[in-house]
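Coordinate inspection notes
Chain by chain, the residues run as shown.
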Protein chains: 2
Amino acid sequence: MTKTANKTRRAQPREVRREQLIQATIKCIARHGLSGVTMGRVTREAGLSMGIANLHFESKEKLLLETLKLVTEEYAAGQTEILTSGDYPSTAARIEALLAFDFNQNVADKNKLAVWFAFLGEAKSRPTYQRICSRQDSLAEEKITALFQLALDEAGDKKADAGLLAAGYIALVDGLWLNSLVDPRRLPWKKALRAARQFLASALPQHISLPPG
Amino acid sequence: MTKTANKTRRAQPREVRREQLIQATIKCIARHGLSGVTMGRVTREAGLSMGIANLHFESKEKLLLETLKLVTEEYAAGQTEILTSGDYPSTAARIEALLAFDFNQNVADKNKLAVWFAFLGEAKSRPTYQRICSRQDSLAEEKITALFQLALDEAGDKKADAGLLAAGYIALVDGLWLNSLVDPRRLPWKKALRAARQFLASALPQHISLPPG
DNA sequence: CAGCGCTGAATGAACAGTCATTCAGTGGTT
DNA sequence: AACCACTGAATGACTGTTCATTCAGCGCTG
């Protein structure tokens, strides 16, 4: 009969709780680093009790894996959309869309990038992380290679190698994200985008031009 | 074999022990990830007793910081040598040297890269790591910008921006290292080098040519 | 044999995971 | 509509474990 008023405890469907906990995990990783994530911090961030994370995910490890998976798949889905959609009028437009996507603040959200790089830092020694990170990357690389090959063909460029260009673009985006994340003052977001654009402009001058727009 | 085996434990000067422990730490980070590093593992790897790491470094945190510092400074020293030495006959030769340096297996040793990225993954939430990683990077970026500016001037290129080119090159190298480390099968070392060369060849065609050599 | 570099068992703090208990919500009964 | 019985989601004190750090003593070495 006592009023437990201020904290109404309400049952929620499994999926709602899981989502809540994953979002809290993303914030915790961004704020404290992967090694600073504890079950206590995650559940406090979510405004729930200690035990609940183990109720909905079996263990801390599984919660972390689900978090990585969510971030990875979200990115891959958006990228695949651009690379396979039939809606682009030209190769140039598709490449522009890819660039805009990679430097869209909603996609490349600071917290999610922090999650991504936190896991990559540990990936070398954790095959499970490695697998999740690599899985869709291979597929993406193939598609980007095909896209750049098309552009090179259209331009009549017989010297440049599309595979190297794709590997370079992917690595460049990773590197720009990373540098921008670690020290945003040295590499502001806008400068990162312009650096990527200049890369594409010098490799594919007939498709991408220097001044944005 | 004596009682404590053929590895006779002998008193060593402070610097020798510190170096030994840092090398062991590098191996442990590469093998187990930053979160998998324990004092027990480090000292076992070094063939010494548990307490010794706290004797020569005050704490685990300080041992890790010294390790990061060593790796960072080693790289910065080599790079600075190339960027400031008077020994290069041409701008092109200096750029070639920079490229060769960045993809020299001894410099970009797998274990040291693993250390570098392990710390970067945590850097966003640890100002101390961030400072160490960024410190010399700013200086390097300035020097690389100057080098590329010189090359652009020599080529009469008035469109490309040397600052963006430098930021791009630095990010590209980071990204290629990272991708190659996480999944060497998808991005073998040689392919990474060729991707970097193609980047420079397309931005500075008069200085760097496509076929290696 | 004195002093110093080193050892490793001991200590306590932090943490993941468990589980007995609580209670909001639901459906059945009158 | 009011009451009650029941369910299982949610809680948080508790447990066992892992790990950094300490320190009393050991054995080289000069």
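Right, let's talk about the interface of chain B and chain A for a bit. In this complex, chain B contributes 51 residues to the contact, which on the side of chain A involves 51 residues. Surface buried jointly by chain B and chain A totals about 4000 Å² across both partners, of which 57% is contributed by carbon and sulfur atoms. For chain B, the biggest contributors to the area lost against chain A are B:Lys124, B:Leu164 and B:Arg186; these three give 16% of the whole. The tally of links between chain B and chain A comes to six salt bridges. Between B:Arg186 and A:Glu141 there is a salt bridge, and its shortest N-O distance comes to 3.1 Å.

A few words now on the packing of aromatic side chains. Summed over the entire model, instances satisfying the criterion amount to eleven aromatic pairs over all chains. An angle of 15° between the planes, with centres 5.5 Å apart, marks the rings of A:Phe199 and B:Phe199 as stacked. Residue A:Phe199 is found in helix 9 (residues 189-203), and its partner B:Phe199 is found in helix 9 (residues 189-203); the two belong to separate chains. The exposure class of B:Phe199 is buried, given its relative accessible area of 5%.

All names here are of chain A. Per the domain assignment, the segments of chain A are domain 1 (12-58) and domain 2 (70-203). Once you take the C-alpha centre of each, domain 1 and domain 2 turn out to be 29 Å apart. Taken together, the contact between domain 1 and domain 2 spans seven residues of the former and nine residues of the latter. Each partner contributes to the roughly 670 Å² buried at the junction of domain 1 and domain 2, and carbon and sulfur atoms together form 86% of this total. Its largest share of buried area at the contact with domain 2, domain 1 owes to Ile 26, Ile 29 and Leu 34, together 64% of the area lost on that side.

What follows is about the relation of the copies chain B and chain A. With an axial shift of 0.1 Å and an RMSD of 0.1 Å, the rotation relating chain B to chain A amounts to 180°. The transformation just described matches what one would write down for a two-fold rotation axis. Of the interface residues in chain B, 100% have counterparts in chain A that sit at the interface too, so the contact is made through matching surfaces.

Moving on to the packing of helix 6 (residues 110-123) of chain A against helix 8 (residues 162-182) of chain A. Residue and element names in this part refer to chain A. Two elements in contact, helix 6 and helix 8, have axes separated by 11 Å at closest approach and are oriented at 110°. Here helix 6 is positioned roughly perpendicular relative to helix 8, judged by the angle of their axes. The way helix 6 lies across helix 8 gives a crossing that is left-handed. When helix 6 is examined against helix 8, the residues Lys 110, Leu 113, Ala 114, Trp 116 and Phe 117 are found in contact with a partner set consisting of Asp 174, Trp 177, Leu 178 and Leu 181. Of the residues assigned to the contact of helix 6 with helix 8, the class counts are seven nonpolar, no polar and two charged.

Let us look at the packing of helix 4 (residues 60-84) of chain B against helix 6 (residues 110-123) of chain B. Residues and elements named next belong to chain B. It is the contact of helix 4 with helix 6, at a shortest axis distance of 10 Å, that shows an interaxial angle of 120°. The angle between helix 4 and helix 6 falls in the class oblique. Between helix 4 and helix 6 lies a crossing whose hand is left-handed. For the pair helix 4 and helix 6, the contacting residues are Leu 64, Thr 67, Leu 68, Val 71, Thr 72 and Glu 74 in the first and Lys 112, Val 115, Trp 116 and Phe 119 in the second. Of the residues that constitute the contact of helix 4 with helix 6, the class distribution is six nonpolar, two polar and two charged.

Rules used in this analysis
Residues numbered from 1 in each chain as written. Chains lettered and ligands numbered in written order. Predicted model: local features only at pLDDT ≥ 70, side-chain atom pairs only at ≥ 80, totals over all residues. Heavy atoms only, no water. Contact = heavy atoms within 4.5 Å. Buried area = accessible area lost by both parts, 1.4 Å probe. Salt bridge = Lys/Arg side-chain N within 4 Å of Asp/Glu carboxyl O. Phe/Tyr/Trp six-rings, centres within 6.5 Å; stacked < 30°, edge-to-face > 60°. Helix = DSSP H or I, 4+ residues; strand = E, 2+ residues; numbered from the N terminus. Buried < 20%, exposed > 50% of the residue type's maximum accessible area, 1.4 Å probe, protein only. Domains from an automatic or database assignment. Least-squares fit on C-alpha atoms with pLDDT ≥ 70 in both. Axes fitted to C-alpha atoms, helices over the stretch in contact; angles between N-to-C directions. Parallel < 35°, antiparallel > 145°, perpendicular 65-115°, else oblique. Left-handed = near helix turned anticlockwise from the far one by under 90°. Nonpolar A, V, L, I, M, F, W, Y, C, P; charged D, E, K, R; others polar.

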